[in-house]
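Summary of structural features
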Amino acid sequence: MDVQGTVEDGFEPVRDAFAANFAERGERGAAVAVYRDGRKVVDLWGGTKDGDAEPGDATAAPWEPGTAQIVRSATKGIAATVPLLLHQRGQLDLDAPVGTYWPEFKAAGKDRVLVRHLLAHRAGVPALDTPLTPAQAIDGVSGPAAVAAQAPAWTPGTDHGYHAQTYSWLLGELVLRVTGRTLGTWVADEISRPLGLDLWIGLPDEARPRVGRLTRVEAPPRPASAGLRARPKKSVADAYADPTSLTSRAFAAISPAPDENADAYRAAELPASAGIATAPALARAYAALIGPVDDHPRLFAPATLTLARTEESAGPDRTLLVATRFGLGFMLHGPSSPLLGPGSFGHPGRGGALAFADPERGIAFGYVTNGMQPNVTADPRAQALVRAVAVAAVGG
């Protein structure tokens, strides 16, 4: 694979790992970017723009510097930035009941759900009794109405479980009620345009040609010595296979599964799963959370950064059935989702994408791919790149 792009001196291990992803880990098309202390030090891309192009097809459109992809749940970290910035500006109280801003949400025993519970996956509504159709999921009305009416699966605030799809309507409606703007519009106005990011929650028509097609691909076999579990525990696999389990129902809150390559889906504002970005945009966004970038001041004040990565939820996850750690909207470093170190915060996307920052090391990272492998929180391609960043930035 002819890897394109640049790395600064010392970050060559990232190029090596990126090339190895194509040779050894089933990569089709991808990009990775790293910022250090507000400056881009890695910007690499390779492969084909569309994941369903056959490997080696000389007629397939190549991945280019501005190629963007849906990043699935890596969108959640960008979405979580919005309520935290609203709190920083004094417009949102993290300890207020959600019903303060969204009265309909008080229904079915949710009157004591706090804003911080939504962000930390503690609201108790990861699944819907009646799933939404793809059309309902993107109409801007049905989703908020469904989560407002839904009875919680556990007493809110007492436990956590990943809100895989419902996170879209929970955060989206909260931001709309507080600001009068959709979450995607807020991100465009306050984050993407000021920072010059190719990042959208709700793809505009003019950006459509830049977005590659996603496809599902099988991961090549991994050696037993790979470190990460080659197969999920039987209990986890059984939960994904059981349509009545909370795990399956959470991921199937939209049913049947939407076509992620459809224009209507890409244009929809689904802050849990349908953000679209380039790798440099994700890395630059996280770089701006932790420090100045070019002439732009940092987005998170020190107190807000502390809130983002202070543990709110930890231990067995009722949805994912593995131990997870969450701050306010961000996944934190841990065995199920390894990042660069204990202070790292960010979010993976099911199937591959990953974005995070490590303030202590001044590192911000973004990785996007068009080949969706069957991984939820620790894709081997992303993890190989993270390990390479550790070698380059930390010394091993």
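Everything discussed here concerns the structure shown above.
Presented here is an overview of the structure given in this document.

Focus: unusual backbone geometry
The omega torsion across Ser255 and Pro256 is 0 degrees, close enough to zero to call that bond cis. Following the sequence through the fold, Pro256 ends up in the loop between helix H9 (246–251) and helix H10 (263–267). Of note in the backbone geometry, Leu321 takes a positive phi value of approximately 65 degrees without being a glycine. Summarising the element assignment, Leu321 is placed in the loop between strand E8 (313–316) and strand E9 (323–326).

Examining the sheet that holds strand E7 (residues 276–277)
Strand order across the open sheet formed by 3 strands is E4-E7-E5, with antiparallel pairing between neighbours. With one partner strand each, in any of the chains shown, strand E4 (69–70) and strand E5 (199–200) form the two edges of the open sheet. Where E4 and E7 come together, 2 bridges link them in antiparallel fashion. The residue of E7 that forms the bridge with Gln69 is Ala277.

What to know about the pattern of salt bridges
Enumeration over the complete set of coordinates arrives at 23 salt bridges. One salt bridge in this structure joins Asp129 and Arg249, with 3.5 Å as the shortest N-O distance. Taken together, the residues span a long stretch of sequence, with Asp129 in the loop between helix H3 (115–119) and helix H4 (134–137) and Arg249 in helix H9 at a distance of 120 residues. If you follow the salt bridges from partner to partner, you end up with Arg89, Arg181, Asp189, Glu190 and Arg193 in one network.

A look at the packing of helix H1 (residues 12–24) against helix H13 (residues 380–393)
Between H1 and H13, the least distance of the axes is 8 Å, while the angle of their chain directions is 165 degrees. The pairing of H1 with H13 is recorded here as roughly antiparallel in orientation. Pair H1 / H13 crosses with right-handed handedness. Between H1, through Pro13, Val14, Ala17, Phe18 and Asn21, and H13, the contact on the second element is made entirely by Arg381, Ala384, Leu385, Ala388, Val389 and Val391. For the contact of H1 with H13, the class distribution of residues is 9 nonpolar, 1 polar and 1 charged.

A look at helix H5 (residues 142–149)
Taking burial as the measure, the 8 residues of H5 include 6 buried ones, the bulk of the element. Within H5, burial applies to Ser142, Gly143, Pro144, Ala146, Val147 and Ala148. On its buried face, H5 is in contact with H4 and helix H6 (167–179).

With respect to the nonpolar core
Counting residues in hydrophobic clusters, the biggest one holds 86 residues, and the most contacted among them are Leu118, Trp169, Leu199, Tyr286, Phe300, Phe330 and Phe345. Counting residues in each nonpolar core, the second largest holds 28 residues, with Phe11, Phe18, Tyr367 and Ala388 among its members.

Overview of helix H2 (residues 75–88)
With 14 residues, H2 extends 21 Å between its outermost C-alpha atoms, agreeing within 8% with the 20 Å of an ideal straight helix rising 1.5 Å per residue. Within H2, 12 of the 14 residues are buried, leaving the element largely enclosed by the surrounding structure. Downstream of H2 by one or two residues, Gly90 has phi in the positive range, about 80 degrees.

Comments concerning the packing of H2 against H6
Describing two packed helices takes the angle between their axes plus the distance from one axis to the other. It is at 11 Å that the axes of H2 and H6 come closest, and there the two elements cross at 30 degrees. Classified by the angle their axes make, H2 and H6 are roughly parallel. Crossing hand, H2 versus H6: left-handed. From H2, Lys76, Ala79, Ala80, Val82, Pro83 and Leu86 reach across to H6, where they touch Tyr167, Leu171, Val175, Val178 and Thr179. When the residues that make up the contact of H2 with H6 are grouped by side-chain class, the tally is 9 nonpolar, 1 polar and 1 charged.

Basis of the calculations
Residues numbered from 1 in each chain as written. Predicted model: local features only at pLDDT ≥ 70, side-chain atom pairs only at ≥ 80, totals over all residues. Heavy atoms only, no water. Helix = DSSP H or I, 4+ residues; strand = E, 2+ residues; numbered from the N terminus. Pairing = 2+ DSSP bridges. Salt bridge = Lys/Arg side-chain N within 4 Å of Asp/Glu carboxyl O. Axes fitted to C-alpha atoms, helices over the stretch in contact; angles between N-to-C directions. Parallel < 35°, antiparallel > 145°, perpendicular 65-115°, else oblique. Left-handed = near helix turned anticlockwise from the far one by under 90°. Contact = heavy atoms within 4.5 Å. Nonpolar A, V, L, I, M, F, W, Y, C, P; charged D, E, K, R; others polar. Buried < 20%, exposed > 50% of the residue type's maximum accessible area, 1.4 Å probe, protein only. Core = buried A, V, L, I, M, F, W, Y, C linked by side-chain atoms within 4.5 Å. Expected span 1.5 Å × (residues − 1).

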